[in-house]
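Examination of the molecular architecture
Residue-level listing of the chains:
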Amino acid sequence: MEKSIYLDNSAATKLDKRVFDEMKSYYFDNYAVATSDFGYSKGIEAKEALENARSVIAHRLGASSQEFIFTSGSTESSNLAIKGVVKALGDKKGKHIIVSKIEDYPVLHSAKALEKEGFTIDYLDVDEYGLVNTDKLAELITEKTILVSIQHGNQEIGTLQDIVKIGEICRNKNVIFHTDATHTFTRIPIDVKTVPVDIITVSAHTIHGPKGIGGLYIRKGTEIKKITDGGYQEFDYRAGIENIPGAVGFAKAVELSTDDESIRLRDMRDKIIELVLSRIPDVCLNGHPQRRIPQNANITFHYVEGESVTLHMDMYGISVSTGSACFSKSLEASHVIAAIGGNHERAHGSIRLTFGRFNTMAEIYETVDTIEKVVAQLRLISPLGHKEV
Amino acid sequence: MAFPYNETVLDHFKNPRNVGRLENPDGKSTEGSPACGDMIKLYLRVNPDTKIIEDIKFESYGCASNIATASIITELAKGKTIHEAKKLTWKDASDALGGLPPIKVHCSVLAVEGLRAAIKNYEERHGMVVNLEPTTVDTIRNRLRRVMNPMKGLDMVATNLIKNIKLEDGIIYLLIDLSETHQFSNVIKEEAREKLETLWDINEIIIEFTE
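What counts and what doesn't
Residues numbered from 1 in each chain as written. Chains lettered and ligands numbered in written order. Predicted model: local features only at pLDDT ≥ 70, side-chain atom pairs only at ≥ 80, totals over all residues. Heavy atoms only, no water. Helix = DSSP H or I, 4+ residues; strand = E, 2+ residues; numbered from the N terminus. Buried < 20%, exposed > 50% of the residue type's maximum accessible area, 1.4 Å probe, protein only. Contact = heavy atoms within 4.5 Å. Areas by Shrake-Rupley, 256 points an atom, 1.4 Å probe, with all protein chains shown as cover. Lys, Arg positive; Asp, Glu negative; His and termini not counted. Charge placed at Lys NZ, Arg CZ, Asp CG, Glu CD. Rg over C-alpha atoms; globule rule 2.2 N^0.38 Å. Polar contact = N/O pair within 3.5 Å; in protein donor to acceptor, adjacent residues only side chain to side chain. Pairing = 2+ DSSP bridges. Core = buried A, V, L, I, M, F, W, Y, C linked by side-chain atoms within 4.5 Å. Axes fitted to C-alpha atoms, helices over the stretch in contact; angles between N-to-C directions. 1 Å grid on protein atoms, 1.4 Å probe; cavity = no way out; pocket = protein on both sides within 12 Å on 5 of 7 lines; lining within 4 Å. Points joined across faces, edges and corners; volume = space filled by probe spheres on them. Nonpolar A, V, L, I, M, F, W, Y, C, P; charged D, E, K, R; others polar. Phe/Tyr/Trp six-rings, centres within 6.5 Å; stacked < 30°, edge-to-face > 60°. Domains from an automatic or database assignment. Buried area = accessible area lost by both parts, 1.4 Å probe. Salt bridge = Lys/Arg side-chain N within 4 Å of Asp/Glu carboxyl O.

A short note on the overall build of chain B
Per the secondary structure count, chain B includes seven helices and eight strands. Projecting the C-alpha coordinates of chain B onto the three principal axes gives extents of approximately 55 × 40 × 25 Å. The 211 residues of chain B split such that 53% are buried. Across chain B, every contact between residues at least 6 apart in sequence was considered, and the portion connecting residues at least 24 apart equals 64%. In the structure as shown, chain B presents an accessible area of about 9600 Å², 49% of it carried by carbon and sulfur atoms. Put simply, chain B has 27 plus and 32 minus side-chain charges, and the middle of one group is 3 Å from the middle of the other.

Quick look at the overall build of chain A
Within chain A one finds 13 helices and 13 strands. Relative to the compact-globule value of 21 Å for 389 residues, chain A shows a C-alpha radius of gyration of 22 Å, a close match. Its C-alpha atoms give chain A principal-axis dimensions of about 80 × 50 × 35 Å. Buried positions account for 60% of the 389 residues belonging to chain A. Once local pairs closer than 6 in sequence are excluded, the contacts in chain A between residues at least 24 apart make up 73%. Carbon and sulfur atoms make up 52% of the accessible area of chain A, which totals about 15900 Å². Measuring between centres, the 45 positive side-chain charges of chain A sit 2 Å from its 53 negative side-chain charges.

Digging into the environment of Thr186(A)
Residue and element names in this part refer to chain A. Within the secondary structure layout, Thr 186 lies in the loop between strand 6 (176-180) and strand 7 (199-203). The exposure class of Thr 186 is buried, given its relative accessible area of 5%. For the pair Thr 186 and Ala 81, spaced 105 residues apart in sequence, the C-alpha to C-alpha distance is 20 Å. Beyond its immediate sequence surroundings of up to four residues, Thr 186 is in contact with Arg 60, Ile 207, Val 254, Ser 257 and Ser 262. A polar contact is formed between the side chain of Thr 186 and the side chain of Ser 257, at a distance of 2.7 Å.

Digging into the pairing of strand 8 (residues 214-218) of chain A
Residues and elements named next belong to chain A. The element strand 8 is extensively covered by neighbouring structure, given that five of its five residues are classed as buried. Bridge analysis of strand 7 against strand 8 gives five bridges, and the strand direction is antiparallel. When the bridges of strand 8 are listed, Ile 200 appears paired with Tyr 217.

Describing the nonpolar core
The biggest cluster of nonpolar side chains holds 61 residues, and the ones touching the most others in it are Ile272(A), Val276(A), Phe301(A), Phe355(A) and Leu115(B). The contacts of Val276(A), once residues within four sequence positions are left out, are Val283(A), Ile299(A), Phe301(A), Val368(A) and Ile371(A). Core analysis: the next-biggest nonpolar cluster, separate from the first, contains 54 residues, Ala49(A), Phe70(A), Phe185(A) and Val336(A) among them.

As for the sheet that holds strand 2 (residues 68-71) of chain A
All names here are of chain A. Taken in spatial order, the seven strands of this open sheet run 2-8-7-6-5-3-4, and their pairing is mixed. Single-partner strands in this sheet number two, and they are strand 2 and strand 4 (120-124). Adjacent strand axes in the sheet meet at a mean angle of 20° when their direction is disregarded. Where strand 5 (residues 145-149) lies against strand 6, three bridges are found, and the strand directions are parallel. Paired with Leu 147 across the bridge in strand 6 is Ile 176. This element, helix 4 (residues 105-116), spans strand 3 (96-100), strand 4, strand 5 and strand 6 of the sheet and lies at about 145° to strand 4. Where helix 8 (residues 244-256) meets the sheet, its contacts fall on strand 2, strand 7 and strand 8, and the angle it forms with strand 2 comes to roughly 120°.

Notes on empty space enclosed by the protein
Under the defined criterion, the tally for this structure stands at two cavities of 30 Å³ or more. For the second largest cavity, the calculated volume is near 30 Å³. Tallied by class, the residues present in the lining of the second largest cavity amount to six nonpolar, four polar and one charged.

Here we look at the packing of aromatic side chains
Residue and element names in this part refer to chain A. Inspection of the entire model under this criterion finds three aromatic pairs over all chains. For the ring pair Phe 70 and Phe 250, a centre distance of 6.4 Å and an interplane angle of 65° mean the geometry is edge-to-face. One end of the pair, Phe 70, is in strand 2; the other, Phe 250, is in helix 8, with 180 residues separating them in the sequence. Taken individually, Phe 70 and Phe 250 each receive the classification buried, so the pair is uniform in this respect.

Points about the environment of Gly323(A)
Its place among the elements puts Gly323(A) in the loop between strand 12 (321-322) and helix 11 (335-341). Separated by 26 residues in the primary sequence, Gly323(A) and Gly349(A) have C-alpha atoms spaced 7.5 Å apart.

Brief notes about the domain arrangement of chain A
All names here are of chain A. Splitting chain A by domain gives domain 1 (17-256) and domain 2 (258-380). Between the C-alpha centres of domain 1 and domain 2 there is a distance of 28 Å. Listed per partner, the contact involves 33 residues of domain 1 and 26 residues of domain 2. The junction of domain 1 with domain 2 conceals about 2400 Å² of combined surface from both sides, 52% of it contributed by carbon and sulfur atoms. Per-residue buried area on domain 1 facing domain 2 is highest for Glu 156, Ile 157 and Arg 187; these three make up 30% of the total on that side. One salt bridge connects Glu 261 with Arg 187, and the closest N-O pair in it is separated by 2.7 Å.

Put into structure tokens, the structure is as follows:
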């Protein structure tokens, strides 16, 4: 394939060469595990590298190093957040948890698994833009509620929740608040000194870091217990040999992900939305027009099906994703689009475009030209593509 | 590249044959897939003497498998008599395409069902259906199971869109639990009418909405 425009950066990003350069020596030169200060020198050096990485990432969240642990990624982080709080408080305080309807699978499916074990889960509704109803959240919290898990930015439609307000509600009612920040970390600033959030899921794979490394911020004093048994690593929250090259790479990725970059991503996002909405008829933007993560545009092209669009785009060398049922392995349409409108047709033709460091404005223009062509072609063969006479 | 689709499927997807619609077709059908929300329309032109399908066109609101199968099934049906074409199966279409991924079966079955429904529609409109059973409320309900509710991606019976069905002196009264101004009310009304109007003992169909 000659040309390649990759616009699925919320699924995975290209590893930055500078990140890889930092990681390399921890595979080939110093590959030791992190030992205690009384170990051998290679182990002590490895430990220092791990603690430096931890400090860089914790600092980005306004946290202390002791409040940040490494995991294997978002899925493990959110599992630990939810099941760890359950382990600490399930028998002590109660069996009630609140999550939003548009959470990504680690949170949503953890909640569903707990439901089968007898927990009561409230799946909080969102409005047409994907924003949770905070008044409703306050009403749902009871003295049996042990956890509220509401994401920061949505994986599909990019909507940003008001985590300050949500955190305040939880704090007032003395309930632990976890947020999945996989799609916002370093793109939107979060400072735990001002945002009343107790646990935060983050990952390297969305910010040009390596796959297989993520982390969890756990505010000091939060009641949570480890869910895997083994050694005493990561302040005894997460057993298992530390992924030191991954941690070092994650820290470098965090350093490279700047506010300037967020602005550049936002400009690309705004440009693609502006061009598509002005040039292609019968389209609608999914998610909130302003309150959205900088790297996400999600647009429904009426009268066409998403897998057909992605396949055509792929033939032109452009990678995008869709919420259509036909695209998924399970043949389930996007639960996020269902939650914002309950309309199957909207998911059927929804296309997600997510931007990263290596995209250019020229690629944005080219993508719009191509998508305009592809949608027009598919509408020609669609029974819904022309007005009835 | 390990694509799930082979070259033949991709060719029919990229350059679908027999796309479009026919004005005043001799037979037509609209089929929707409850599983994924795909939809297909088929139009037939049949020679009244030989019963050969002289022209066939389709439109698809569907994924790659749906488009490719519709393309191949129209190629297979063209030039055959309606009796021969009726016997075409999903397997014939899949074989002609060199195979389809198993999970995509339902998207492609839709195209084959569309062909059969269009032939049935032709036969009913041309008095070719023998052993006619009188229409009952159950017949009507069964036919409405093939009308898709685009909001849910399931049929209108399964999604409780039918508030009431009444059958009296060859007139069907259908009450749909939806607002008349709803964005999909016209599509659903048109499809329900299309499914019912070929019933041999029905003279009139009155479709109303609850709001």
